[in-house]
Amino acid sequence: MMTIRDDHALAADLATEAGERLLRVRERTGFDDPAALRAEGDRAAHVLLMESLSRLRPSDCVLSEEATREERLDPRRLAAERVWIVDPLDGTREFSEPERSDWAVHVALWERGKLTAGAVALPAQGRTLTTADPPKPPAHVKGRFRIAVSRTRPPEFVQKLAYLVGADLVPIGSAGAKISAVLTGEVEAYVHAGGQYEWDSAAPVAVALAAGVHASRIDGSELIYNQADPSLPDILVSLPELAASLLAGIRDLHR
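Predicted model only: the values in this text are computed from it and were never measured. (Residues numbered from 1 in each chain as written. Predicted model: local features only at pLDDT ≥ 70, side-chain atom pairs only at ≥ 80, totals over all residues. Heavy atoms only, no water.)

Draft legend 1. View of the nonpolar core. Counting residues in hydrophobic clusters, the biggest one holds 54 residues, and the most contacted among them are Ile-147, Val-191, Tyr-225 and Val-237. Of the residues that make up this core, three or more belong to each of domain 1 (7–130) and domain 2 (145–254). Among residues more than four places away in sequence, those in contact with Tyr-225 are Ile-85, Trp-110, Leu-115, Glu-198, Ser-201, Ala-202, Val-205 and Leu-232. If you look at the next biggest cluster of nonpolar residues, it comprises 25 residues, including Ala-11, Leu-53, Trp-84 and Val-105. (Core = buried A, V, L, I, M, F, W, Y, C linked by side-chain atoms within 4.5 Å. Buried < 20%, exposed > 50% of the residue type's maximum accessible area, 1.4 Å probe, protein only. Domains from an automatic or database assignment. Contact = heavy atoms within 4.5 Å.)

Written out as structure tokens, the structure is:
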């Protein structure tokens, strides 16, 4: 019988292994043709994760960013008790830029309505954050704090929110890298409302919740996974002591 610990270890091992393969793809392919590099990275990591999960967890379903539309609509996934939610390469833009390390691999397990295991590999940073041994986020020191935002599409309302709550904005690449930055103390919060999907956040949210960090929709409601429509358009991840003021600020801006 599989144990929860087995799933923690598997998520970490698969995310790390896929990340190592992506580093080799970067080295082998080079950066002269970014589109080709992105396509090869997506393909290589997706194949590794799908083949590994098919072999090691053959009775489980998988929801991957790189799956076909038909695979995403497979009704067996919605009836399943265990679904792996993966993003083989989170942050393809950053992956194709030689100096950037803010991209990730996401592997999460959803069971009976909850995320129960997950890992986020940050290959170019040489680390994997996992529910097997979640990081201990630093305590927030009162005063100004930092909110991670998109490098290319920071939502206008987040700029207003930062002014309202006394925060500075820090551009970071992929969603996984942003949430990881909350866990490692590089920022204190991440707010996004520009549209995402379940695979963008499932693994980092699993690790964040295991670490005792706040994670919710921007209206404070629960993040729900393994839905027929995998769209999950907004998210707030923050140190727990900042969540109430951030949620209040968001409510004030949306009145």
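Draft legend 2. Quick look at the sheet that holds strand 9 (residues 214–216). Strand order in the open sheet made by the five strands is 7-6-8-10-9, with mixed pairing throughout. Pairing within the sheet leaves two strands with one partner each, and these edge strands are strand 7 (167–172) and strand 9. Averaged over all pairs of adjacent strands, the angle between their axes in this sheet comes to 20°, without regard to strand direction. Direction of pairing for strand 6 (residues 145–150) relative to strand 7: parallel, over a ladder of six bridges. Of the residues in strand 7, the one forming a bridge with Ser-150 is Ile-172. The sheet strands contacting helix 7 (residues 175–184) are strand 6, strand 7, strand 8 (189–192) and strand 10 (235–238), and the helix crosses strand 8 at an angle near 150°. (Pairing = 2+ DSSP bridges. Helix = DSSP H or I, 4+ residues; strand = E, 2+ residues; numbered from the N terminus. Axes fitted to C-alpha atoms, helices over the stretch in contact; angles between N-to-C directions.)

Draft legend 3. Expanded view of the packing of aromatic side chains. By the definition in use, this model includes two aromatic pairs. Ring centres of Phe-95 and Trp-103 lie 4.9 Å apart, and the angle between their planes is 80°; on these two criteria the pair is classed as edge-to-face. Grouping residues by exposure puts Phe-95 and Trp-103 together as buried. Between Tyr-197 and Trp-199, the ring centres sit 5.1 Å apart and the planes meet at 15°, which makes this aromatic pair stacked. (Phe/Tyr/Trp six-rings, centres within 6.5 Å; stacked < 30°, edge-to-face > 60°.)

Draft legend 4. Focus on helix 2 (residues 34–56). Over its 23 residues, helix 2 runs 33 Å from end to end, which matches the ideal 33 Å to within 8%, given 1.5 Å per residue. Those residues of helix 2 lying buried are Leu-37, Gly-41, Asp-42, Ala-44, Ala-45, His-46, Leu-48, Leu-49, Ser-52 and Leu-53. (Expected span 1.5 Å × (residues − 1).)

Draft legend 5. Structural context of the pairing of strand 3 (residues 104–111). Of all the eight residues making up strand 3, eight are buried; the element is thus mostly covered by neighbouring parts of the structure. Both faces of strand 3 are covered, namely the face carrying Ala-104, His-106, Ala-108 and Trp-110 and the face carrying Val-105, Val-107, Leu-109 and Glu-111. Here seven bridges tie strand 2 (residues 82–90) to strand 3, and the two strands are oriented antiparallel to one another. Considered in strand 3, the bridge of Asp-87 is made with His-106. One ladder, built from seven bridges, connects strand 3 with strand 4 (residues 114–122); its direction is antiparallel. Bridged to Glu-111 within strand 4 is Lys-114. Between strand 3 and strand 4, which pair antiparallel one after the other, the connecting turn spans two residues, and Arg-112 there sits at a positive phi close to 50°.

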